[in-house]
Each structure stands twice: as structure tokens, then as C-alpha cells.
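If you want the building blocks of each chain, they are given just below.
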Amino acid sequence: MVASSRCASVVTAAAATATVAVIALSTTEKSLGFATGAPALRRSPVRVEGAAADGMTPIVGVASSSSQFAGADKVLILIGGVAAVKLSHSRNRGRSVQSKVRVQALAAKEALVATTNSAVQPVVNDETAELSFECETGNYHTFCPISCVSWLYQKIQDSFFLVIGTKTCGYFLQNAMGVMIFAEPRYAMAELEEGDISAQLNDITELRRLCTQIKKDRNPSVIVWIATCTTEIIKMDMEGIAPKLEAELDIPIIVARANGLDYAFTQGEDSVLAAMAAKCPDLLAPVPENPQPHAPLVIFGSLPDSVAKQLELELKRQGITVSGWLPSSRYADLPTVGEGVYVVGINPFLSRTAATLMRRKKCKLINTAFPIGPDGTRAWVEAICKALGIEPQGLEEREQKAWDSIRDYLDIIKDKSIFFMGDNLMEVSLARCMVRAGMTVLEVGIPYMDTRYQAAELALLTKTCKEMGKPLPRIVEKPDNYMQVQRIKEMKPDLAITGMAHANPLEARGINTKWSVEFTFQQIHGFTNVRDLFELVTRPLRRNKSLPEEWQTFVKDGAPAKKLEA
């Protein structure tokens, strides 16, 4: 991060006499009364009272403690590139109490560049710096998780998905998937009516009628019930009904909860695969201590068959054979799992599936970064080789060849800034890849963060930022969209990865955007699909660069609002 020479001298002088923690505070957060500085855990909050360097602006808020903040004798708060204050504070033996803080104004007026934000680390090359995590407890502003049906019914070719919800769910499915009902796709909508909600109709009777018709007309190998928000609210006992109908109809029935109240966009797939993992056949004989050529390996996560084949070939180059995939193309081909079987995830949103395979099936999870981008694919293959006791060969050359193939795209995004609002839970992996490509990640919003499942990905992100000389991004779980929009307005990133709801308003204000949902449906895994990944990232930058300057924004700064004529 770049600081003005005047501010830098103040920091240097303070550091000579005491430990100094630097906290950047955005003008938005200042006006709302929050002082937040890279909090890892919200413990021992510190009360901040005083005035900014201009002597006019009051600062009243709570600065959460962190490893960066807790051990400091003095704290320098940098406010949105305008003013700075110095705080001396005390902590009451680490207990969760609020401490009074005395504020002393500094002369520094230009603290940071205009693009700085409250949690962008000021010290770029600090080897001890760590990622900061925050939770703003905002609502899920994501695509509905029942959309997982759109790719899972195509992946599992002998399945039938029955979504149990209201007309709203049916309208969403029809519009999101673009498949009309008369095309007879392998999914259907069971619409709940007033009699279902008021308990005038018997749930098991209605579901028996529907599943009997499905078996007669389509004869699938498995029926997957997708529970929605309404079934959660009316407390429909789908897990209790399914075993009864399964025994009656002699067909496997899997229950997966994919309601938007508890799950984000891609967690719908995680819920389905976790339920399917419990149905996987158990390993009959234990795996020997030194299996030849290596222990069984199962990959979990849904990918198009072509991409799955490419990743299998990458592993085959290292002498590794994949024992099975979850899900497989046919339900009857579910992989055999058990103690001694290694499992590895393909996507960062499959934490429940990983937990099910470890706890219920006693599998060994390979914790690794995910094969998104050349660096992630290399790390993924290397982690698998290490777990199976195989020496990886030629991965450095494979990664470099992939980077060389997109040199034209790298020139476009080099030194550009990017902001992730949070939608599909792939944000950390994408952020890590963009940092390696030369971009500066200002913030990573993510609906849900499982730090255990993504531990290797977070470690690789930290390592990549330090190697590339980039600031560590702020990671915000369940971000508050209003606060995010204010931060985007202040930071003015070159590109924002956002949901569809915010794309047009941000474009109208001159912010380049890309729909996050596109990264879910596009083939971006592995070395082979690197160009498709960066095609998505650079498209808005290339498109807007070709437009006339007057077309690049539709809202004039400072323009008075026109009154509507009567």
C-alpha cells in the first residue's frame, strides 16, 4: 500500500518509541460510527472516542481486537485517505470488556491513497501479516440453491429431481434453466397448495402419488427430493417419509435440503452430495497398509464429463488412477468408500460432503487448494501426490505453459483492482488466482466460510499475496450489501464480481462488473480451461475499453435530480 511521505514519517517516528498498529477506517464506516481494523475474532472490543485530525469530525465506535491490534502500545487510525488519529489504549487482562481510549490528533492530512479501505493491510511486505476475517451478518444475497438441479440432473443421467415448493420456486426453475415443462426434463416441481400448508392433505399420500407416477413414466434409478424454504417453514417431515416410500416403491429416495434461508447458491449441490455420500457402498475389505500402486482415490464434486476427464488425465500423468467420482454419471456407479480411502474435493463449497465422508464413512480427506487457475490446479495435483506418496513430475512446466497461453489477458488485468461481493462460495479460489495474475484484491465477500475445509486455499492466498507483493484482502462472511456498495463507491475497483441484482446499478456508476453466477456454469477447472476463466474476467474490461468515453457511465457525478413532471 502507498502512503504519503508525511504520513509515513509520522508512522516511523511513532514506531521508534512504541509498538504501533495501523488500522484503516473508511469514510463510510466513520460516518456510521464503526472503527474496524482487521478483526480476526471479535473479542475484547475497545471503545474509541475522540476527534479526527481536522478537530471537527467525531469518532465514536468499537475497534475489535486482533493479532495486529492486541499487542500494540499505540494505534494509528487512517480515515479514508483524509485524516489520522493516534490512540493509546489499555486492555483489562484480556477479558471481554470495553476500555476507554484517549485520542490524540495528528497533523497528518493525507494518510492513504483514495482507493484504500478499512481492512486493506497498509504493510504489503510484512511476513507476519495474516488474513483478516469479518462477519457482517447480512442476509444471503445469492442465487437460489435449488438451481443446483440445473446441472445435477444432467450429471446424474438416470436420476429424477423433485423440487417441493411453491409456484415461485417453479417460476424460478423454469426461467433459470430455460427448459419448458413440455420438454419433459428429468426434474419436476411439486407445488404446495393451501391444503398442504394448512395440513388438510396428508404429505405422505401426496408424495406417494407423485413418486408412483414418476416411477411409472420415467423409471429413474434414484429420486432426489429437493426441500425448499416452504417445506422448512411448515416443518414437513421429508426425512421420515422418504424411507417408507423407498421401501414401498423399491426405488432409492434421497432428501436434500436446499432452502435459501440456510443455504447459499452452490450449497444446494453440497446438500445433495452429502445426502448421496451417505448412500455410497461401504468398503468390504480394509485397504492394505501399502497398497499398490497407491491407495484408492475418490473425487467429489460435479463437473461436466469433459472437464472430469481432463483432470483424470492430469492425475494419470503422475501415475494416479481415480477410483470413482461423487456424483457419478449413473447412480449405480457410486464409488465405494470407507476407511483407508482418500477423498478430495473439486470445489470450495462442498464442506458438508467432506464432513459426511470423513465422519460417517471414515475416509481420509486431502485438504488442498482447488483446481481453479494454473496455480490452484498445480497445488491440487501436488497435494494428491503427496498424500498418496508419489513424487510429482513436470507440474511447474505445466503451470508455466498455462500462464504463457493467456499472456494477452494478463497484460489487460495487470495492476488492476478487483472486488468480490460474494455469491457462489468460489470467491477465495478466484481471488487467489487473480492475485497470482497480477491483480489487487480489495475485498472478498463470501456467504459462508468453512475455514477448516478451505484452510489450504486460505494459506495459498496468503502466500500468493506475499510473493506477488500485494496487500492481503479483507474477507467478509455474510456481507452487508449496503455497506459493500458504499465501500465499492469509495474504493472504485476496476472490476467487481457481483450478483445479477447489483450489476446494472454498479455499471451505471462506472464500475465494471461480472456476474458471479457465470463462474459457476463456465468450465474453469484445470490447466486446459484457464483461457475460459480469464476470458470471463477480462470481458467487461475489454468491452468497456472499446466503448466511447461518454458511454462508460450513465450517472453524472453531482448532477441534480430532475423532478418528475406532473
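Use the structure listed above.
About the thresholds
Residues numbered from 1 in each chain as written. Predicted model: local features only at pLDDT ≥ 70, side-chain atom pairs only at ≥ 80, totals over all residues. Heavy atoms only, no water. Helix = DSSP H or I, 4+ residues; strand = E, 2+ residues; numbered from the N terminus. Buried < 20%, exposed > 50% of the residue type's maximum accessible area, 1.4 Å probe, protein only. Contact = heavy atoms within 4.5 Å. Pairing = 2+ DSSP bridges. Axes fitted to C-alpha atoms, helices over the stretch in contact; angles between N-to-C directions. Right-handed = clockwise from strand over helix to strand, strands pointing away.

A. Highlighting the overall build of the chain. A tally of helices and strands in the chain yields 21 helices and 20 strands. Evaluated residue by residue, the chain yields a buried proportion of 54% over its 566 residues. Expressed as a percentage of contacts within the chain between residues at least 6 apart in sequence, the contacts between residues at least 24 apart total 75%.

B. Highlighting the sheet that holds strand E11 (residues 253–257). Taken in spatial order, the four strands of this open sheet run E9-E8-E10-E11, and their pairing is parallel. A strand with exactly one partner marks an edge of an open sheet, and here the two such strands are strand E9 (187–191) and E11. Ignoring strand direction, the axes of neighbouring strands in this sheet form an average angle of 25 degrees. Of the strand pairs in this sheet, strand E8 (residues 159–165) and E9 are connected by five bridges, and their pairing is parallel. When the bridges of E9 are listed, Ile164 appears paired with Ala190. Sheet strands in contact with helix H10 (residues 267–277) are E8, strand E10 (222–227) and E11, and its direction is about 145 degrees off that of E11.

C. Quick look at the sheet that holds strand E13 (residues 324–326). Strand order in this open sheet of four strands is E13-E12-E14-E15, and the pairing throughout is parallel. Edge strands, defined here as strands with exactly one partner in the open sheet, are E13 and strand E15 (364–365). Summarising the sheet, strand E12 (residues 297–300) and E13 pair through three bridges and their orientation is parallel. The residue bridging Ile299 from the neighbouring strand is Trp325, located in E13.

D. Focus on the environment of Pro304. Structurally, Pro304 is set in the loop between E12 and helix H11 (305–317). Through-space distance from the C-alpha of Pro304 to that of Gln523 is 7.9 Å; in sequence the pair is 219 residues apart. Not counting the four nearest positions on each side in its chain, Pro304 is found in contact with Lys155 and Gln523.

E. Quick look at the pairing of E12. Neither face of E12 is open: one carries Leu297 and Ile299, the other Val298 and Phe300, and all of them are buried. Where E12 meets strand E14 (residues 342–345), four bridges bridge the pair, whose relative direction is parallel. Across the sheet, residue Ile299 finds its bridge partner in E14, namely Val344. For the segment spanning E12, H11 and E13, crossover handedness is right-handed.

Function-wise, these values are silent; they only describe arrangement.
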